[in-house]
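# Geometric and topological summary
So you can see what is in the structure, the chains are spelled out below.
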Amino acid sequence: MKRDNFSGTFGVLVALAGSAIGLGNLWRFPYLVGTNGGAAFILIYLLFVFVLCLPILISEFLVGRRSQSNAVRAFTTLAPKSKWGIVGVLGVLGAIAILSFYSVVGGWTLNYAVKAISMDLLHTSEQVTDTFNSMVTSPFEPVIYMFLFLLLTAGVIIGGIKNGIERFSKIMMPILFVMIVMIAVRSVTLPGAGAGIEFLFKPDFSKVTFETLLVALGQAFFSLSIGCGAVLTYASYVKKSENIVKTSALTAFSDAIFAMIAGLAVMPAVFAFGVSPTEGPGLVFIILPEIFEQLPAGGFIAILFFFILLIAAVTSSISLMEVIVTYIIEEFRLSRKIAILVTLFIATILGTLCSLSQGVLSQIRIFGLNIFDFFDSLSANVLMTLGGLLLVLFVGWKLKKEDFMDEISNSGTLNHKILYGAIYFLIRYIAPIVILTIMIFGLI
Ligand code: PHE
């Protein structure tokens, strides 16, 4: 069977950036910045993104493109008769876990986009909180929206790589960028926005704890979509002529820029309206409608914002679903349609459990967490970080250095020996040591 592929450099970049930029940037990043002290957290996060996670992104890209196979077979192709396929299995499991709770938040987003259109969001502050709580705890509404979100995701990837994922991302990502910049400009020009800007840019390292490092690392993994086979799977559809290092660096750069702009869109407004930055995961869903209400043309801005969030979520969830779908197509020799149906089935069941765990099933606890939080922390803190660790060990210690150099330089056509040597050093020594240290301390 001939494999589909991305048509060219821009298509690959928007797909990878589309995967990276998502609820992680617009929903998770601002609230983590708020709860972890602002500027210092951001600096640590940026350091992790470029020094630690960019080399992991490059490793994952390299494994995918060299093997041109799904997340599991990639490892068994590059290391035949070895046990390394387990890294890919972890990735597929991770992708299933993330897709399950991600679709729930995607469903909330779709729900809010619809509410925004019908002007159902503009209320007093208690009503805003009630709106959110009664929606997420309801046994039907969020489940239906989660399912619609999954259908939306499936609708894009049914078109395959070039005509589905690439075309969708090429149109949506630039629109998304323009919209979020517009909102950020509005936010920073609000009277009283200065405190928020200071919060974002004036670091106070005295409050940095080990936990801050952990949260920052987890967020860097989550935001770059690394450690669960998403980058690997996309990269397996990338042609041999693309520049791996350049595309990876641009992906990490746009993801980081996007997080910063999301911070600028949210934090100054939070401060300008005297809202607590430590609000937590509800920040976007509870606080923003309240902020929108007090803005001129707030109803319109609310619609814009929740559609941005929805688009960003879909360009990410398609990469999660594609990990599972490519795996099923190639390992079970099923058609893309059937593979998508199977994935939809699994994700709907698990997603429903995640959604219901906010309400009627909230008494079910796994390690003290409800199902939603368990899936969230299992994937970000265990599956992705472990996946990333094993991946750099694979590339740094199992794959031959000649193979690494051959793939990263497009068989010697690109000539940046010193840069490639430095990246190899980070992959072989620095990344494993740092991740292992943080993971061990994290478990204690
Ligand atoms: N990076 C995505 C986001 O920030 C989430 C994601 C994680 C996507 C892992 C794919 C794989 O929203």
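This one's a predicted model, so the numbers in the text were calculated from it and none came from an experiment.

### Considering the environment of Leu320
Along the polypeptide, Leu320 turns up in helix α14 (residues 298-332). Here the alpha-carbon distance between Leu320 and Ala220, two residues 100 residues apart in the chain, equals 17 Å. Sequence-distant contacts of Leu320, defined by excluding residues within four places in its chain, comprise Ala95, Ile98, Leu99, Tyr102 and Cys228.

### Describing helix α16 (residues 371-398)
Each turn of an α-helix holds 3.6 residues, which means side chains three or four residues apart point in the same direction. When the local axis directions of α16 are compared, the greatest deviation, roughly 40°, occurs at Ser379. Where α16 begins, the capping side chain belongs to Asn370, and its oxygen is found 3.1 Å from the backbone nitrogen of Phe372.

### Remarks on the side chain of Arg28
The residue Arg28 is located in helix α2 (residues 23-35) in this model. In this structure the side chain of Arg28 is engaged in a polar contact, spanning 2.7 Å, whose partner is the side chain of Gln219.

### Considering the pattern of salt bridges
This model, assessed by the stated rule, comprises 13 salt bridges. The shortest N-O distance in the salt bridge between Arg66 and Asp406 comes to 3.0 Å. Taken as a pair, Arg66 in helix α3 (residues 39-67) and Asp406 in helix α17 (residues 401-408) lie far apart in primary sequence, 340 residues in all. The exposure class of Asp406 is partly exposed, given its relative accessible area of 28%. Taken together, the shared-partner salt bridges in this structure form one network comprising Arg65, Arg66, Lys240, Asp403, Asp406 and Glu407.

Parameters at a glance
The residue count restarts for each chain, going from 1 along the sequence in the order it is written. Under the rules for a predicted model, residues below a pLDDT of 70 receive no local features and side-chain atom pairs below 80 are neither given nor counted, while totals for whole chains, interfaces and linings still include all residues. Heavy atoms throughout the structure, all of them, feed into the side-chain values; hydrogens and water do not. Numbering goes from the N terminus for both helices and strands, where a helix is a DSSP run of H or I of at least four residues and a strand is a run of E of at least two. It only takes one pair of heavy atoms within 4.5 Å for two residues to be counted as in contact. Note that bend, as reported per residue, equals the angle between axes fitted to the 7 residues terminating at that residue and the 7 residues originating from it. Any N or O atom pair separated by 3.5 Å or less is treated as a polar contact, with the protein-specific requirement of one donor-capable and one acceptor-capable atom, and with residues adjacent in sequence counted only for side-chain atom pairs. By convention in these notes, a salt bridge is any Lys or Arg side-chain nitrogen within 4 Å of a carboxyl oxygen on Asp or Glu. Burial here depends on accessible area, computed with a 1.4 Å probe over protein chains only, as a share of the maximum for the residue type. Under 20% is buried, over 50% is exposed, and the range in between is partly exposed.

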